[in-house]
Amino acid sequence: GHSSDGLASMRTHSTPVKSAGQSTEGVAALRGHSPSSVSSSQTVRAHATQTMSTTSGSSEPMFFDPSIDQPVQVETEAAPKEDAGEYWLPWHIDSNFVTVLHKEMYADEKTTEFVPEPEGAGLLIMNADGDVTKLRTRDDAVILQMGAFAQIYAGGYVNAARHAVVSPRPPGVARFNFCNFWYVPWETACTAPAGTEHAAVSTGWNAMMDESYLNITMKQGFAAFREFMTAPEARVQFADSVQFKELAELFPLPGKRLNLASNSSEIVVDVLTDVRCPFSFVSQLNLDAALKNLGLDQNVTIRYHPVFLNPNVPKEGENLDDYLLREYGYTKEYAHSESYPLRVMGLEAGVELNPSRRVVNTFDAFVLIEAASEAGRQHEVVKALSQRYFEGAEDISDVAVLCAAAEDAGLSGQDAKGWISDPARRARVLAEYQTVSSRIGEVPHFLVRERISGNGVEVGGKKSVEEWESALESVLEKSSVIGKTIPGPYGQDVRLSECVPYSPISMALSAQHGFEPGSWPFDASDFSRNDESPDDYMYTEPRLVNHLDDTSLARLTEAYRSVFSMVPQGFSVLDMCSSWNSHYPQELLEGARVAVHGLNQRELWANGQATERHVQDVNADAKLPWEDNSFDFVTMALSIQYMTDPRAIFSEMHRVLKPGGMVVIAHSHRVFIDKAVKAFAQETYDGEGHTHTICRYFQHGPQGGWEKLSTADVSPRHGDPMWLVTAVKA
């Protein structure tokens, strides 16, 4: 249920470690912590790698040896100057009271014989100053590692351990150790002694815990902590800066482009700039070249957001020579010379910057750019404007020039004139400028993300083609942890390219190693509700609204696209407990039979994807009106939590589905709480628990009737959860 940061301190990628010898800028720059303003010389800040401090001035940890009844000094060593290596666990603070563990051991995977600890492996510990040491202790030592709740309950007199595990395992070597995580009863609230609230939590750049730990239950802390530890970004050591996350939430990622193959990586670039910035122009030219070199030029979406260098430039503008002399002391002779740095920079990128251009107001230009986004022509319009301004020295504040640029980009010049004068559109551009400029100090600033995972980098200033290629490759690397293949209809496999494979939901079945209860694990009370009135009372009036955000629903549509594309067009699908929108991919429905089933007739008639409609309360009567073996697919989205007799309903879905056909159950964390059954209502955020509950419905409705059960988390990075449980009729 934590759609953005959640409990911030449990998202340890928001608290990166200090760079080695780099307190401000420089090469350790694949880092996640920096000032919000971005200089033109700054290197890429990649949200995938953490570097560490190299000093070792902290107090060494103490451990207790019962044989001598005295604390034993533990030998530690300074962390290496370079990045410590491949993390098995990222930097974090455990959410519990205390963790009991022993030194990790290593064994040969073939012979099972113990082998020496690989060079550089081990447990790293950090103090509040950011000093990092590597633990070295006796093989028989028991280590007590304090957690966040211990620090808070002690009012800060006990310190929770900031730690990470580095494991550069050679091939064929296995790492293992015993960890015992000590918790208190789930409903215990984490409260600090009165007057110690500030001291009870950590502060500063490496806090790894903050006020969000206070006054939550032990179970809430565990759930958020587990969610982070199983996230793909934790697997690749994703080290977001605060600014990266703010910008990522400000600019939601678009949906999948239909003309791309399902296994293609999609790059989304958000450019925060002024269209008259020469550094931005050259950097974008180099970006275009890098995209082409990497074969990504057809797999990229580039979007533009206004950050005006000077929003108060008068309508008549200003002579560039006068501006350069006043602001920088550059003479006209120097600014027009062959050695002028901007001229050299442009020539290296393949363009000749015209020194006769004027400093102009670009507000109207951005109104046109905003309008072009609706036609999918933003990048083309920016290219046209840039060529006219930087090479042709044309006045891009002039409406006639803007209309001509629109025509260059394949748009109507007459339409462009209307767009530019539209008050509502102008207000949107102004609002976006005010929002973005408050977060960005200098331009250009680029937010580069892989569309599915949302992982990416921030890039500031002018970048060479080579630097862009390196940044793009780091983004592509992050996409490798996304996606899962599940069994599909009629013996085919379905690739869910937007699935988070390491989520507890995606791993729900594999984590239980085939366990299945032999008998029905629920009793009648599990399906009781606060409101036991007939369901059709609640649905007397239609609800023509979406119950999740658009990004999450787009993930559901993409999952349906992956599933439906496995069969020829003209398939048949039943949407159980449906409404005015089935969220199916429209382009796959040609010739399809789409039966929608639900409680409100007006909602069903508003469903434009339906070819037939049936009003029915399945909690009152589970018997469906269709013949046996009627459908290739059965879907149910966001309604499973209301089923009072799920075995009967799942048995009916099984009956009307063709052998080898597929069921897709989609669920999330939002419910009408009074109508949800107790099994769902008492823990609405427990996606993994609800996933197991749905699996039990399949395993016993009817028993032995389903096979190839699968679970998948296709939730967007920023948005409501979207969890799937699928099965195939045996």
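Please refer to the structure placed before this passage.
Enquirer: Would you mind showing me how to read the overall build of the chain here?
Expert: For the chain, the count of helices and strands is 22 helices and 28 strands. By residue count, 54% of the 730 residues in the chain fall in the buried class. Partitioning the contacts of the chain with sequence separation of at least 6, the portion at a separation of at least 24 is 74%.

Enquirer: Just checking my understanding: could you explain the packing of aromatic side chains for this structure?
Expert: For any pair of aromatic rings, the description consists of the separation of the ring centres together with the inter-plane angle of the planes. The full count for this structure, using the stated rule, is 34 aromatic pairs. Aromatic pair phenylalanine 308 and phenylalanine 366: ring centres 5.6 Å apart, planes at 80°, arrangement edge-to-face. Here phenylalanine 308 is found in the loop between strand S15 (300–306) and strand S16 (318–319), whereas its partner phenylalanine 366 is found in helix H10 (residues 363–374), with 58 residues between them in sequence. Relative accessible area serves as the criterion here: at 8%, phenylalanine 308 is assigned to the buried category. Its relative accessible area of 3% is what places phenylalanine 366 among the buried residues. Geometrically, the ring pair formed by tyrosine 328 and tyrosine 330 is stacked, given 5.6 Å between the ring centres and 25° between the ring planes. Of the residues examined, tyrosine 330 reaches a relative accessible area of 30% and is grouped as partly exposed. Ring-pair connections join several aromatic residues into one group, and the members of that group are Trp520, Phe522, Phe527, Phe650, Tyr697, Phe698 and Trp706. Directly above the aromatic system of tyrosine 539 lies the positively charged group of arginine 543, at a separation of 5.5 Å from the ring centroid.

Enquirer: Teacher, can you tell me more about a nonpolar patch on the surface here?
Expert: A cluster of nonpolar side chains, contributed by Tyr328, Tyr330 and Tyr334, occupies part of the molecular surface with about 290 Å² of accessible area. Residue placement: tyrosine 334 occurs in helix H8 (residues 332–335). Relative accessible area serves as the criterion here: at 31%, tyrosine 334 is assigned to the partly exposed category.

Enquirer: I'm lost on the sheet that holds strand S24 (residues 612–615) in this one. Help?
Expert: To summarise the sheet geometry, strands pair through backbone hydrogen bonds and adopt either a parallel or an antiparallel arrangement. The sheet built from seven strands is open, its strands ordered S24-S23-S22-S25-S26-S28-S27 with mixed pairing. Of all strands in the sheet, those with a lone pairing partner are S24 and strand S27 (706–713), marking the two edges. Averaged over neighbouring strand pairs, the angle between their axes works out to 15° when direction is ignored. In terms of strand pairing, strand S22 (residues 572–576) meets strand S25 (residues 631–637) through four bridges, oriented parallel. Residue leucine 574 lies in a different strand from S25, and its bridge partner there is valine 634.

Enquirer: In this structure, what is going on with the side chain of serine 579? I would like to understand it.
Expert: Mapped onto the elements of the fold, serine 579 is located in the loop between S22 and strand S23 (593–598). A relative accessible area of 18% means that serine 579 is categorised as buried. Among the polar contacts listed, one links the side chain of serine 579 to the side chain of glutamate 603, at a separation of 2.7 Å. Those residues within four positions of serine 579 in sequence are excluded, and the remaining contacts are Arg543, Glu603, Leu604 and Asn607.

Enquirer: Looking at this structure, I do not really get the pattern of salt bridges. What am I missing?
Expert: A side chain with one charge can pair with a side chain of the opposite charge if their charged atoms come near. As enumerated under the stated definition, the model contains 37 salt bridges in all. A salt bridge links glutamate 246 to arginine 439; its shortest N-O distance comes to 4.0 Å. Taken together, the residues glutamate 246 in helix H5 (residues 242–250) and arginine 439 in the loop between helix H14 (423–437) and strand S18 (445–450) connect sequence positions 193 residues apart. A relative accessible area of 38% places glutamate 246 in the partly exposed class. The salt bridge partner of lysine 675 is aspartate 535, with a shortest N-O separation of 3.1 Å. Pair noted here: lysine 675 is in the loop between strand S26 (657–667) and helix H21 (678–681) and aspartate 535 is in helix H17 (residues 535–538), with a separation of 140 residues, a long-range link. What emerges from the salt-bridge pattern is a single network uniting Arg529, Asp531, Glu532, Asp535 and Lys675.

Enquirer: Quick question: what am I supposed to make of helix H12 (residues 399–408) here?
Expert: Because an α-helix completes one turn every 3.6 residues, residues spaced three or four positions apart along the sequence face the same direction. Val401, Leu402, Cys403, Ala404, Ala405 and Ala406 are the residues of H12 that are buried. Where H12 is buried, its residues meet H10, helix H11 (378–391) and helix H13 (413–421). Between the side-chain oxygen at the start of H12 and the backbone nitrogen of alanine 400 there is a gap of 2.9 Å, and the oxygen is on aspartate 398. A positive phi of about 90° marks glycine 410, the residue just after H12.

Enquirer: Where do I start with the nonpolar core in this structure?
Expert: If you look at soluble globular proteins, the nonpolar side chains tend to sit buried side by side. Val269, Leu385 and Val448 are the most contacted members of the largest nonpolar core, which totals 59 residues. One finds Met576, Leu624, Leu657 and Trp706 within the second-largest nonpolar core, a separate group that totals 35 residues.

Enquirer: Would you take a moment to explain the environment of glutamine 284 for this structure?
Expert: Within the fold, glutamine 284 resides in helix H6 (residues 278–293). Judged by relative accessible area, glutamine 284 falls into the buried class, the value being 11%. When neighbours within four sequence positions are excluded, glutamine 284 is seen to be in contact with Val271, Thr273, Tyr304, Val382 and Phe446. In this structure the side chain of glutamine 284 is engaged in a polar contact, spanning 2.8 Å, whose partner is the side chain of serine 280.

Enquirer: In this structure, what is going on with the side chain of threonine 711? I would like to understand it.
Expert: In this structure, threonine 711 sits in strand S27. Beyond its immediate sequence surroundings of up to four residues, threonine 711 is in contact with Lys484, Ile505, Ser506, Met507, Ala508, Leu509, Thr691, Cys695, Leu724 and Val725.

Criteria and cut-off values
In every chain, residue numbers begin from 1 and rise along the written sequence. Selection of residues for local features in this predicted model requires a pLDDT of at least 70, selection of side-chain atom pairs for listing and counting requires 80 or more, and totals for whole chains, interfaces and linings are taken over all residues. For the side-chain quantities, the full set of heavy atoms in the structure was used; hydrogens and water were omitted. Elements are defined by DSSP. Helices are runs of H or I of four residues or more, strands are runs of E of two residues or more, and each kind is numbered from the N terminus. Only protein chains enter the calculation, and the probe is 1.4 Å; a residue is then buried if its accessible area is under 20% of its type maximum, exposed if over 50%, and partly exposed in between. Any two residues having at least one pair of non-hydrogen atoms within 4.5 Å are treated as being in contact. Side-chain rings of Phe, Tyr and Trp, where Trp is taken by its six-membered ring, are said to pair if the distance between their centres is within 6.5 Å; with planes under 30 degrees apart they count as stacked, over 60 as edge-to-face, and otherwise as tilted. Charge-over-ring placement is defined geometrically: NZ (Lys) or CZ (Arg) within 6 Å of the ring centre, and within 35 degrees of the ring normal. Residues enter a patch when their relative accessible area is above 30% and they make no salt bridge; the linking distance is 9 Å between like charges and 5 Å between nonpolar side chains (Val, Leu, Ile, Met, Phe, Trp, Tyr). Residue exposure ignores everything except the shown protein chains as possible cover, and the areas themselves are Shrake-Rupley values with a 1.4 Å probe. Take a side-chain nitrogen of Lys or Arg and a carboxyl oxygen of Asp or Glu: if they are within 4 Å of each other, that pair is a salt bridge. Here, strands pair whenever DSSP counts at least two bridges between them. Angles run from 0 to 180 degrees between N-to-C directions of axes, and those axes are lines fitted to C-alpha atoms, restricted for helices to the stretch in contact. Polar contacts, as counted here, are pairs of nitrogen or oxygen atoms within 3.5 Å of one another; within protein the pair requires one atom able to donate a hydrogen and one able to accept it, and residues that are adjacent in sequence qualify only if both atoms are side-chain atoms. Think of a nonpolar core as a cluster: buried Ala, Val, Leu, Ile, Met, Phe, Trp, Tyr and Cys residues, connected wherever their side-chain atoms sit within 4.5 Å.

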